[in-house]
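Fold and geometry: a report
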Amino acid sequence: MRAEATNRVRLVFSLFDANGNGAIEADDFEIMASRVVEAAPDSDDAAKNAMLAAFRRYWSTLDAELDTDGDGRITFDEYAACVLSPERFDLTISDFAESLAALGDPDGDGLIERPLFMALMTAIGFGRPNIDALFDAFEPSESDRIEVTTWVVGIKDYYSPDKVGIPGDHLVGSATV
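A brief structural summary. (Residues numbered from 1 in each chain as written. Predicted model: local features only at pLDDT ≥ 70, side-chain atom pairs only at ≥ 80, totals over all residues. Heavy atoms only, no water.)

In terms of regular secondary structure, the chain is built from eight helices and four strands. Sequence-ordered secondary structure for the chain, helices as α and strands as β, is α-β-α-α-β-α-α-β-α-α-β-α. Along the first, second and third principal axes, the C-alpha set of the chain runs to 50 × 40 × 30 Å. Residues counted as buried form 46% of the 177 residues belonging to the chain. Within the chain, contacts between residues at least 6 apart in sequence are counted, and of these 65% link residues at least 24 apart. Split by element, the accessible area of the chain, about 8200 Å² in all, is 49% carbon and sulfur. If the 14 positive side-chain charges of the chain are averaged to one point and the 34 negative ones to another, these points end up 2 Å apart. (Helix = DSSP H or I, 4+ residues; strand = E, 2+ residues; numbered from the N terminus. Buried < 20%, exposed > 50% of the residue type's maximum accessible area, 1.4 Å probe, protein only. Contact = heavy atoms within 4.5 Å. Areas by Shrake-Rupley, 256 points an atom, 1.4 Å probe, with all protein chains shown as cover. Lys, Arg positive; Asp, Glu negative; His and termini not counted. Charge placed at Lys NZ, Arg CZ, Asp CG, Glu CD.)

All chains considered together, the criterion is met by 14 aromatic pairs. The interplanar angle of 80 degrees and the centroid separation of 5.6 Å between the aromatic rings of F13 and F76 together place this pair among those described as edge-to-face. Note that F13 is positioned in helix 1 (residues 3-16) and F76 in helix 4 (residues 76-83), a separation of 63 residues in sequence. Across the pair, exposure class does not vary: F13 and F76 are buried alike. Feature note: the residues F16, F29, F55, Y58, W59, F96, Y158 and Y159 constitute an aromatic cluster, connected by ring pairs. Positioned over the ring face of Y158 is R8, at 5.8 Å from the centre of the ring. (Phe/Tyr/Trp six-rings, centres within 6.5 Å; stacked < 30°, edge-to-face > 60°. Lys NZ or Arg CZ within 6 Å of the ring centre and 35° of its normal.)

Our next topic: the nonpolar core. Among the nonpolar cores identified, the biggest contains 58 residues, and V36, Y58, L62, Y79, F117, W151 and Y159 are the most heavily contacted of them. Put simply, the parts of the chain that give this core at least two residues each are helix 1, helix 2 (26-38), helix 3 (45-66), helix 4, helix 5 (86-103), helix 6 (114-124), helix 7 (128-137) and helix 8 (148-158). Apart from residues no more than four positions distant in its own chain, Y159 is found in contact with V9, V12, Y58, Y79, V83, L84, F89 and I93. (Core = buried A, V, L, I, M, F, W, Y, C linked by side-chain atoms within 4.5 Å.)

A word on the side chain of T61. The topology assignment puts T61 in helix 3. When near neighbours in sequence (up to four residues on either side) are disregarded, T61 contacts R88, F89 and T92.

Taking 1.5 Å per residue as the helical rise, helix 3 with its 22 residues ought to reach 32 Å, and the 31 Å between its terminal C-alpha atoms agrees with that figure. Among the residues of helix 3, A47, K48, M51, L52, A54, F55, Y58, W59, T61, L62 and L66 are the ones counted as buried. At the N-terminal boundary of helix 3, the capping side chain belongs to D44, with an oxygen 3.2 Å from the backbone nitrogen of A46. (Expected span 1.5 Å × (residues − 1). Polar contact = N/O pair within 3.5 Å; in protein donor to acceptor, adjacent residues only side chain to side chain.)

Moving on, we come to the pattern of salt bridges. Counted under the stated rule, the structure contains 12 salt bridges. A salt bridge links D95 to R57, with the nearest nitrogen and oxygen atoms 4.0 Å apart. Taken together, the residues span a long stretch of sequence, with D95 in helix 5 and R57 in helix 3 at a distance of 38 residues. One salt bridge connects E113 with R145, and the closest N-O pair in it is separated by 3.1 Å. Of this pair, E113 sits in strand 3 (residues 111-113) while R145 sits in strand 4 (residues 145-147), and the two are 32 residues apart along the sequence. Classification of E113 by relative accessible area gives partly exposed; the value is 34%. By relative accessible area, which is 25% here, R145 ends up partly exposed. (Salt bridge = Lys/Arg side-chain N within 4 Å of Asp/Glu carboxyl O.)

Below is the structure:
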């Protein structure tokens, strides 16, 4: 497992840990899901419901895979062990990636405009300069749009334990791409 992958998931873990108690819980995912859905007011109910379901699946996968003591809390070490194990987390992250990208494409044209991308990523908690760098790394068109499939692949790559130099590295502020 690469250090870059650990840094990427450490950042996401810190964003999910809404109360800063060093663990993530179901409520953290509900808070995040609500913020993300609210950031896309023009998306249809199906896309919003799919995003809520994807966040809930994300949590339920972690809970089922990792919460052996039943306390409803996942520590960073437990989290990293699951999300950086493709055999344990690929289906969940695929669902999450596709739902988030669909939420970012309310008109269904297969393209995501920078303002909505920024709103969604800000709702998750990433910093604006890092989000801009990520969007630029996805090589937007002259009309400042990226393809839905580009974002889906980028999200999946973010959780890959062996990837380095990927656009998602911009989110942790130390990209080398």
